[in-house]
Every structure is written in C-alpha cells, then in structure tokens.
Amino acid sequence: MRKTVFIVFFASLMMLFVGTGCTDTKTMSADSISIDSLLIDSLGTDSLEALIEDEPMPKAADELFDDFIFNYAANRRLQTERTDYPVNLDSYGKVSQVEKGKWGMEHFFMRQGYYTLIFNSARQLDVVKDTAISCVYVEKISIAKNQVKRWLFNRVLGLWKMQGVKIIPLAKHEDAQFLKFYSHFVADSTFKAVSIAESVSFSGPDPEDDFSRMNGELMAEQVPMFLPWLPSGSFYNIHYGKEPYQASNTRVFVIRGIANGMESELTFERKKSGWMLTKLNT
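Residues numbered from 1 in each chain as written. Predicted model: local features only at pLDDT ≥ 70, side-chain atom pairs only at ≥ 80, totals over all residues. Heavy atoms only, no water.

Enquirer: Even after reading the chapter, I still don't get the confidence of the model for the protein chain, so can you show me in this structure?
Expert: Note that predicted coordinates carrying low pLDDT should not be read in detail. Looking at the protein chain, the pLDDT average stands at 82 and 79% of residues meet or exceed 70. Of the regions scoring below 50 in pLDDT, residues 1-43 engages in 84 contacts with residues more than four places distant in sequence or in other chains. (pLDDT = per-residue confidence, 0-100. Contact = heavy atoms within 4.5 Å.)

Enquirer: Explanation requested: the nonpolar core in the structure shown.
Expert: A general trend in soluble globular proteins is that nonpolar side chains are found buried together. Ranked by size, the top nonpolar core spans 38 residues in total, and within it F65, I69, F108, F109, F153, I238 and Y240 carry the most contacts. When residues of this core are traced back to their parent elements, those giving at least two are α4 (65-74), β1 (87-91), β3 (114-119), β4 (135-142), β5 (147-156), β6 (159-169), β9 (234-240) and β10 (250-257). Per-element accounting of this core gives the leading share, 7 residues, to α4. Apart from residues lying up to four places away in sequence, F108 is in contact with I69, Y72, A73, V138, W151, F153 and Y236. Among the nonpolar cores identified, the runner-up in size contains 29 residues, and I118, I143, L230 and F253 belong to it. (Core = buried A, V, L, I, M, F, W, Y, C linked by side-chain atoms within 4.5 Å. Buried < 20%, exposed > 50% of the residue type's maximum accessible area, 1.4 Å probe, protein only. Helix = DSSP H or I, 4+ residues; strand = E, 2+ residues; numbered from the N terminus.)

Enquirer: How should the environment of L64 be read in this particular structure?
Expert: Structurally, L64 is set in the loop between α3 (45-54) and α4. In sequence terms L64 and S134 are 70 residues apart; their C-alpha atoms lie 9.1 Å from each other.

Enquirer: I tried to follow the pattern of salt bridges on my own but got confused; where do I start?
Expert: Opposite charge on two side chains permits them to pair, given that their charged atoms come into close proximity. Tallying each qualifying case throughout the model produces 7 salt bridges. When the shortest N-O distance is used, the salt bridge between E174 and R150 registers 2.6 Å. Here the residue E174 occupies a position in the loop between β6 and α6 (176-187), and R150 occupies one in strand β5, the gap between them amounting to 24 residues. Under the relative-accessibility criterion, E174 is labelled partly exposed at 40%. Salt bridges sharing partners connect three or more residues here, namely E139, R150 and E174. (Salt bridge = Lys/Arg side-chain N within 4 Å of Asp/Glu carboxyl O.)

Next up, the structure:
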C-alpha cells in the first residue's frame, strides 16, 4: 500500500513539470525534484529502476547531475539518447571507438546499492546541488584490479550527455595515495587501529532515542564500534567539476546509500605519520 501511494504521489509531482566545456558560475537550486531524496526511502533499487524506466525524465533533472544520473542508469531509452555514439574509449592510452550496436546498458551503482563521493573539504559537499556544474565523471574504482574506469559526462546545451570512457591504472589516479591508504584502512584491522586519531569528533543517531542525535568526542578505542560499513574491492565514485583532486591534507569520504537512505561521512587528515581518521558522521 505504501508503494502504491508513493507512486501516485510521484506521478502527481511529475505532472508539475512542463517544461564540451565546463563552467563554474555558482547558482544553487532549491526547488528541483531529487530522485535520490524522494525515492530512496520508499523503494528498493529494483523497484526504483522499474519506476524510472517507465517514466519520462522530468526536464528539471538536467539541472542537477545528482538527479540525472539515476535516470540515465535506470532508463535504457534515455541512456541511448544521452550517449554520444560512437563512444570514444581510451583504455590505458589505446584509443578506439565503440559503435552503438556494441555498447551495452550501464547500470553503474544501481545494482550495488550505494556510491561514494570524495572531497577535499566539508564545504565541497554543496557542489552536488550546484546547477552551474557542467562536467562530471563517474568512476569505478577497482582496488583488487588496480584499475579505474571513468565515464565522462558534459552538459551540452542544457542536456547531460555521456561523451567518453577512459580506463587507467589505479596508480595513475590523481588521488592514488589516499586510495591506497583507504584500501589498507578497510582491509587491515591493525592498520585501521593505528590510523584513528586519539580523539575523533562524532555525530550519529542516539541509540536510546530514534529522533535524536549524539554529538561529542570518541576515544580511539571506541571508534571501531561506531564505524559504518565501508566499501572495499570496487566501488563507484562521482567527481563533480572539471578540476581533479586537489593537493590537500583533508579528505571527506562520503558513502551514500541508494535504497536505504544511509549516508556516512569519514574525515581523514594527513599528519606526519600518515592519514588519520579525525571525524565521523553517520
């Protein structure tokens, strides 16, 4: 019953919409409908894909890449329309073109259930709501394969389009040093323990009150009990804007769930001894 009511509600919202360069003017959107925020808590990923597949994408979804990518990943017709064929494929420096008939549907993180975002500072989190962003890439970071596959999206004449794919060794990634640290942090409990600051700023749900949050400091030995699930092996990451990862001593690693509304932020700071977890927000 809840799904039926929600679908009717979503259809009503849809009726309200009648309507290779990157730029960086700062215009923020407050009114666009977010597929992420409206659908995630009500539907699982399979139901979400089915619903998006059956509905035309609202024009407003082109304002924010965050809205567009869910439609692109779930709607085969839209993905075909918004992919520039033949697809330019740069694989380890070898450039080729893939014709439309040989290019398969790419679901990205929809089947995985989550994606990540990596920022140089907390203030960069607002970039996902910046309507002026016109260049984004989605990357599949495969730690086990030491490989990164990137899909480049540009907004052309107001419409998001996928305009090329590049595959590089993980060592060539602009943030390879941090990603190497992260993979070690996830896989090795001993290394994880020594990579947690003595005092970690914490914000999270209060186990004794579903409507409240806890804010305070955790001692290093307490942190593992509050750490969320962390992706390993391979995961999809979204990078907004034309600029690559900047040289910075801070990384905010965000894990954002697709079907469960989960979101966690881990802040790492580079000290003399290496990267250290200094802040946790779940």
